[in-house]
Amino acid sequence: MSDLVEKITNCIERGKINAAAPYPADLRGQEGADELTAQAIQESVGPDVILSACNEGMRRIGERFGRNEVFVPELLMAAKAMKAVMAHLKPFFRSGSVKAKGRFVLGTVAGDLHDIGKNLVAMVVEGNGWEVVDLGVDCKPQKFVDAVRENPRCTVGLSALLTTTMANMEKTVKEIKAQFPEVRVIVGGAPLSAGAAAQIGADGYGADPQDAVAFLNSTN
Ligand code: B1M
């Protein structure tokens, strides 16, 4: 089993989507993230274990990117491989026909195109009985404000992966709070911390999707 999990990590790091994918050339014809995840699920490997394997792959490729050993195209292939895995994991996070507990407006802030973490948060929050209004990536403050207006009594979640877009996150929190002081906002993403979240005026900080669920459950 650990061999299978390591292979999934490797597929994420190398951006190997599936057996049909021609990239990377040295893995041509071999099984990719898609087939290996299907196999792992069949062998009862838990979704959390599979997710951790993916995060490790992302960590490794991110480190190599930081050392200028790989570039944006390689990151993009890693992201595609991870999306192939997430398609398999989605059913595990779905809770079926439970009545929604409330609405969670979620998006990645302006200037930021990273959406894998946000999509994971969406899946887990949805799986815990909340209706998610996903605004996508590169969302300007006004987009959040409009969404709050259209979804009264919602809670808002902001994601950011770049240190440079944390400034936009702060603007977004301030804009939402200026118009809807009662709306609760949680922020998350790699460059954030509980301290940074408090500093930009957010009500909560999520290091992972479970924190977002705990925040939602505690405030409603
Ligand atoms: Co980019 N990128 N990237 N990238 N990328 C990072 C973030 C980076 C750390 C890589 C590095 O240098 N080592 C670096 C940021 C440095 C910094 O700001 N400190 C970086 C950079 C520099 C860039 C570009 C500027 C590169 C360039 O163009 N020269 C560029 C920026 C584009 C833009 O956004 N404007 C860029 C582009 C990209 C791609 C598009 C190629 C691709 C993203 C594809 C996509 O998302 N669809 C990409 C990728 C894949 C990465 C890495 C490798 C992986 C990110 C990821 O998906 N992680 C990343 C390196 C790394 O993280 N190690 C890197 C897995 C994901 C599950 O984790 O998103 O952290 P994460 O989400 C977690 C938690 O943070 C939390 O829960 C999730 C699950 O546990 N969480 C929340 C997230 N949001 C939350 C919200 C919550 C609660 C919890 O409540 C609301």
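Residues numbered from 1 in each chain as written. Predicted model: local features only at pLDDT ≥ 70, side-chain atom pairs only at ≥ 80, totals over all residues. Heavy atoms only, no water.

**Observations concerning the pairing of strand β1 (residues 103-108)**
- Within β1, 5 of the 6 residues are buried, leaving the element largely enclosed by the surrounding structure.
- By the bridge criterion, 4 bridges tie β1 to strand β2 (residues 131-134) in an arrangement that is parallel. Within β2, the position partnered with V105 by the bridge is V133.
- As a crossover connection, the stretch from β1 through helix α5 (residues 116-127) into β2 is right-handed.
- Both β1 and strand β3 (residues 155-159) contribute to a ladder of 5 bridges, which runs parallel. Considered in β3, the bridge of T108 is made with S159. (Buried < 20%, exposed > 50% of the residue type's maximum accessible area, 1.4 Å probe, protein only. Helix = DSSP H or I, 4+ residues; strand = E, 2+ residues; numbered from the N terminus. Pairing = 2+ DSSP bridges. Right-handed = clockwise from strand over helix to strand, strands pointing away.)

**Quick look at the nonpolar core**
- Counting 40 residues, the largest nonpolar core has M82 and V125 as its most contacted members.
- Elements represented by at least two residues in this core include exactly α1 (2-14), α2 (33-42), α3 (47-66), α4 (72-93), β1, α5 and α9 (209-219).
- Not counting the four nearest positions on each side in its chain, V125 is found in contact with F104, W130, V132, A212, V213 and L216. (Core = buried A, V, L, I, M, F, W, Y, C linked by side-chain atoms within 4.5 Å. Contact = heavy atoms within 4.5 Å.)

**Some words on the layout of surface pockets**
- Within this model, the largest pocket holds a volume of roughly 1,500 Å³.
- If you go around the largest pocket, you meet 47 residues; those closest to its centre are M58, H114, I116, G117 and L161.
- Elements with a minimum of two residues in the lining of the largest pocket: α3, α4, β1, α5, β3, β4 (185-188), β5 (204-206) and α9.
- Among the elements that line the lining of the largest pocket, the one with the most residues is α3, at 10 residues.
- Tallied by class, the residues present in the lining of the largest pocket amount to 28 nonpolar, 11 polar and 8 charged. (1 Å grid on protein atoms, 1.4 Å probe; cavity = no way out; pocket = protein on both sides within 12 Å on 5 of 7 lines; lining within 4 Å. Points joined across faces, edges and corners; volume = space filled by probe spheres on them. Nonpolar A, V, L, I, M, F, W, Y, C, P; charged D, E, K, R; others polar.)

**A short note on a nonpolar patch on the surface**
- A cluster of nonpolar side chains, namely F65, V72 and L76, defines an oily patch on the protein surface of about 270 Å² accessible area.
- You can see L76 is positioned in helix α4. (Patch = residues over 30% accessible without salt bridge, like charges linked within 9 Å, V, L, I, M, F, W, Y side chains within 5 Å. Areas by Shrake-Rupley, 256 points an atom, 1.4 Å probe, with all protein chains shown as cover. Salt bridge = Lys/Arg side-chain N within 4 Å of Asp/Glu carboxyl O.)

**Some points on unusual backbone geometry**
- With an omega dihedral of -10°, the bond running from Y23 to P24 counts as a cis peptide bond.
- For P24, the position within the fold is in the loop between α1 and α2.
- A positive phi is found at R153, a non-glycine position, where the angle reads about 70°.
- Relative to the assigned elements, R153 resides in the loop between α6 (141-150) and β3.

**Describing the site of the ligand**
- Around the ligand, 36 residues are found, and the nearest of them are G62, L113, H114, D115 and S159.
- Within the contact set of the ligand, a nitrogen atom lies 2.8 Å away from a backbone nitrogen or oxygen of G62.
- G111 places a main-chain nitrogen or oxygen 2.9 Å from a nitrogen atom of the ligand.
- Using a 2 Å cut-off from the grid points, one finds that the ligand occupies the largest pocket. (Near = heavy atom within 4 Å. Polar contact = N/O pair within 3.5 Å; in protein donor to acceptor, adjacent residues only side chain to side chain. Sits in = over half its atoms within 2 Å of the grid points.)

**Focus on the sheet that holds β5**
- In spatial order, the strands read β2-β1-β3-β4-β5; together these 5 strands make up an open sheet with parallel pairing. Of all strands in the sheet, those with a lone pairing partner are β2 and β5, marking the two edges. Within the sheet, the average angular offset between the axes of one strand and its neighbour, ignoring direction, is 25°.
- Pairing analysis gives 4 bridges linking β3 to β4, with the strands arranged parallel. By the bridge assignment, G157 is partnered in β4 with I186.
- Contacts from α6 reach β1 and β3 within the one sheet, and its direction differs from that of β1 by about 170°.
- Against the sheet, helix α7 (residues 166-179) contacts β3 and β4, and its axis sits at roughly 175° relative to β4. (Axes fitted to C-alpha atoms, helices over the stretch in contact; angles between N-to-C directions.)

Purely spatial values, then, with no claim about function.
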